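Structural description and commentary
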Amino acid sequence: MTNAWISGTAIAALVGVVGFFVVMRGAAFAAHAIPNGAFAGAAGANLIGVNPLFGLVAFAMAAAFGIGATSRRTKSDVATALALVMMLALGAAFLATSTEYEPAVNALLFGEILGVSSSEILPVLVLALLCGLGLAVLYRPLLYSSISPELSNARGVNVVAIDILFLVVVALTSALAVPVVGALLTFSLTIGPPAAARLISDRPGRALALSVLLSLFTLWAAIASSYVSTLPIGFFVGTLSAVVYLAARGWDVRRTRRIQRQVA
Amino acid sequence: MHWIFEPGLFSNGSVRTALVLGAMVSIVSAAVGVFTVMRGQSFAGHALTDVATAGGAGASLAGVSPLLGFIGGGIIGAGAMDAIGVQRVKGRDIATGVVLGAATGLTALFLYLVTLHSAATGSTQQILFGSVFTVEPSTVPDAAVLSVLVVAGLLVIRRPLLLSSISVELAAARGVRLRAVGVAFMAMLAVAVGLSAIVIGAILSTALLIGPPASTLKVANRFAWAMSLASVLGVLATWLGIVMAYDSYYWFPSHRGLPVSFFVVSLVVVEFAVASYVGQRRKARIIVAGHDPTKTPEQVGWV
Amino acid sequence: MSGTDLLKVEDVTVSISGRVILRDVNFRIDQGEFTGLIGSNGAGKTTLLRVILGMQEVASGRVTVRGQALTRSNRSIGYVPQKVLFEADLPIRVRDFVALGVDGHRYGVARRSRATLGLVDEMLHAVEAAEFSDRRIGSLSGGEQQRVLIAHALVSRPELLLLDEPLANLDPGNAQEIIQLLHSVATGQHVAILLSAHEMNPLLPVMDRVVYVANAQVASGTTDEVIRPDVLSTLYGHHVDVLRVHGRILVVAGENVDVGHVVPEHPPFVVE
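What comes next is a walk through the structure.

Criteria and thresholds
Residues numbered from 1 in each chain as written. Chains lettered and ligands numbered in written order. Predicted model: local features only at pLDDT ≥ 70, side-chain atom pairs only at ≥ 80, totals over all residues. Helix = DSSP H or I, 4+ residues; strand = E, 2+ residues; numbered from the N terminus. Buried ≥ 20, exposed ≤ 12 C-beta atoms within 10 Å, placed from the backbone. Contact = placed C-beta atoms within 7 Å. Axes fitted to C-alpha atoms, helices over the stretch in contact; angles between N-to-C directions. Left-handed = near helix turned anticlockwise from the far one by under 90°. Nonpolar A, V, L, I, M, F, W, Y, C, P; charged D, E, K, R; others polar. Parallel < 35°, antiparallel > 145°, perpendicular 65-115°, else oblique. Pairing = 2+ DSSP bridges. Core = buried A, V, L, I, M, F, W, Y, C linked by C-beta atoms within 7 Å.

The number of helices and strands found in chain B is 12 helices and 0 strands. Reading chain B from its N end, one meets helices and strands in the order α-α-α-α-α-α-α-α-α-α-α-α. Classification of the 303 residues of chain B by burial places 55% in the buried group. Looking at chain B alone, contacts between residues at least 24 apart form 73% of all its contacts between residues at least 6 apart.

See the structure below:
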């Protein structure tokens, strides 16, 4: 269980930061597609008997670069939806040929508290730390290029390199999150708490911190609830992310109305 | 032909059921899908599938027909999308995604409870990835009736639906009741998603809904032709997928076949890639030939 | 000329979100007349057109068509909106789109009659769109699109055709063609035209009547009756000069000159 808390904390903190930038850059689709790729990778690794972490990372990276390459050329709704679905189908095919179908599918798609075993906790933490350091180093250029690519380019920021590095971080984060949170729920955790944070605060520094806090809260609460009730963690992640987001929406609406009344 | 049509393919009752069901579902999906893609509502269609999944899982838990569950979930999802607003506005993407993430969470819950309460295994696979080979034969008449209803409904509202899909303003000016038509269409979309979920699973049903229509739109100029071609591509992918899934039992020594949905989705993607290529070549040919790029291939004399 | 006017707008006042967009608007249109609805951007032209279409509520006043009260989607009024964006991949041919002008609002499974198809052909010829009638509507240029929209609106045989800034995105050559087209349609098919624009000079040769919108108010009559310093000054609420140069009209206020436009020193009540 300590593994769950440790890995959960690392993952939530990382997702909180990454999700903040994903929302800011309007890259919600990437947050949807990359975990699906990770799912296929884990299933594939499972099939050939390799450490799932390799599969997760490899396919997540492939998906990330695929998105990076094609998003410049086509803004096609359809192409992206098909890609999303293709990766799920691929993962399903991989799993179908293994003998442990049902528990594996459930765990990979909907998450598992003990998704990170003792043998994996060290590489997971190392990767999480690397990503965290990378984000810390890239923070300012990443922020500026997310707000305005043109302006930051003019100021000498290598926007293309930042884009690529960011995609790499998103891929790694997804690879780490999927075993615990589940491929289908990673999107919720990546988008929900950060979007909520942005609704509450306009200032990047504060919103970022808030995003991490909300993310931690969501995942901790999900782990705790899942542990106590024995119900799947994915259920709590999905529900709590939605609740956090809706609460922030409600708070924002009330604040806007309060201001309107003051002005009138 | 032996290696394409493995032994027992056509004499197998569940395969015949699968082919019939698959054809019906593909045609309905194609018809509804053409409008969905034209209206730019691919995202909405995709989002519906999340709630439909929860519906199917819930139905499985309650011991009710999964078809009902999928469709019921789809209708609730359609209602939620209507409440949030279907236009592709930035904030709404997130709102929709997050709310539907909750639906996925429900799916996780329901599927877990199902495994607790029943000894039957494989329900996860069936709901998520389709169960066309193991579907109850009684589902077929239900699906047939629903398919006919959807197609008939589309026929009846096709002109107002078409006009409002081309331009909301023009339709409004002509007195088309946009809200009624929009709601009716959403209901049909929910039913189509539900039907398709039976064959290839709820989370993959998007492929059959938007894949063949999108492929068609790259090459078809006329609406009637687009509808027909989309249906053909859909049925082709589904039938071929069913045959290959059946065959795949014989491919591995472990006698574990690959899911139908995997083949269908792959074929849909292949169709889309080919159609995109053909569409691109057409445009390129016209431009390279130095002809007026605004003229059709027919006018230029290529076709 | 028949006893009742084709269109009569009486004492119409429109307010949106508490702001008055149009106040006490009065004018009428007779059958077959070509009327220009002139005013700068934001003056309220689109609002007025929407009122006539029954898509905008009025705070007071009324609009009648041949003496009858306005209903939503009056079949005797055709409409060409300002910007209709056709997605490039819509699998709809020009002729199919024009046919929807006849039955786009109808439910049911009936096939199109030969008469309808003939009408569509006729209209396509009238707007000179026959040569591209089999192309996808998304592949048309701006000028071609405008013609097709006009055909779509005319095919249901309206008595009055409303066009919202049809010339705005066209180059002068195309704009002239459209104006000539509309003029021949008006005279040939006895369709009254009400066309909004912020530039009145291209319309001078064909306009029977001007409805000039400024400062939430309207002055209507012939060009000579309306485009005069006294009338326009009253409308704007401050001094306005009208110059005629080489057959063109310049409306001038203070030191700011703009062809066919007024750029007033004190901006009029600008609303969306």
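On to the packing of helix α8 (residues 178-200) of chain B against helix α9 (residues 205-219) of chain B, then. All names here are of chain B. Remark: α8 packs on α9, axes separated minimally by 7 Å, with the N-to-C direction vectors making an angle of 120 degrees. In this structure, the crossing between α8 and α9 has a hand that is right-handed. Every residue of α9 that contacts α8 at Ala192, Val193, Ser196, Ala197 and Ile200 is listed here: Ser205, Ala207, Leu208 and Leu209. Tallied by class, residues from the contact of α8 with α9 come to 7 nonpolar, 2 polar and no charged.

Right, let's get into the interface of chain A and chain B. Taken together, the 39 residues of chain A in the interface contact 41 residues of chain B. Among the secondary structure elements, those contributing two or more residues to the side of chain A that touches chain B are α4 (77-96), α5 (101-110), α9 (183-200) and α11 (233-263) of chain A. Of the residues forming the side of chain A that touches chain B, the biggest block, 12 residues, is contributed by α4 of chain A. Taken together, the residues of the side of chain A that touches chain B break down into 28 nonpolar, 9 polar and 2 charged.

Moving on to the packing of α4 of chain A against helix α2 (residues 42-62) of chain B. In contact at an axis separation of 9 Å, α4 of chain A and α2 of chain B are set at 25 degrees when each is read in the N-to-C sense. As summarised for this structure, α4 of chain A and α2 of chain B are arranged roughly parallel, according to the angle between their axes. Across the interface between the two elements, Asp77, Val78 and Ala81 of chain A from α4 of chain A touch Ser42, Phe43 and His46 of chain B from α2 of chain B. Considering only residue class, the contact of α4 of chain A with α2 of chain B consists of 3 nonpolar, 2 polar and 1 charged.

Residue and element names in this part refer to chain C. When you tally the buried positions in strand β3 (residues 34-38), you get 5 out of 5 residues, the bulk of the element. Bridge count for β3 against strand β8 (residues 192-197) is 5 bridges, and the pairing is parallel. Looking across to β8, one finds that Gly36 is bridged to Leu195. Sheet topology places β3 next to strand β9 (residues 209-214); 4 bridges connect them, and they run parallel. Across the sheet, residue Thr35 finds its bridge partner in β9, namely Arg209.

All names here are of chain C. Neither face of strand β6 (residues 77-80) is open: one carries Ile77 and Tyr79, the other Gly78 and Val80, and all of them are buried. Alignment of β6 against strand β7 (residues 160-163), held across 4 bridges, turns out to be parallel. Pairing of Val80 across the sheet is with Leu163, part of β7.

On to the nonpolar core. Residues and elements named next belong to chain A. Counting 292 residues, the largest nonpolar core has Phe39 and Ala60 as its most contacted members. The leading source of residues in this core is α4, at 16 residues. Excluding its chain neighbours within four sequence positions, the residues that come into contact with Phe39 are Met87, Leu88, Gly91, Leu108, Leu109, Val178 and Ala183.

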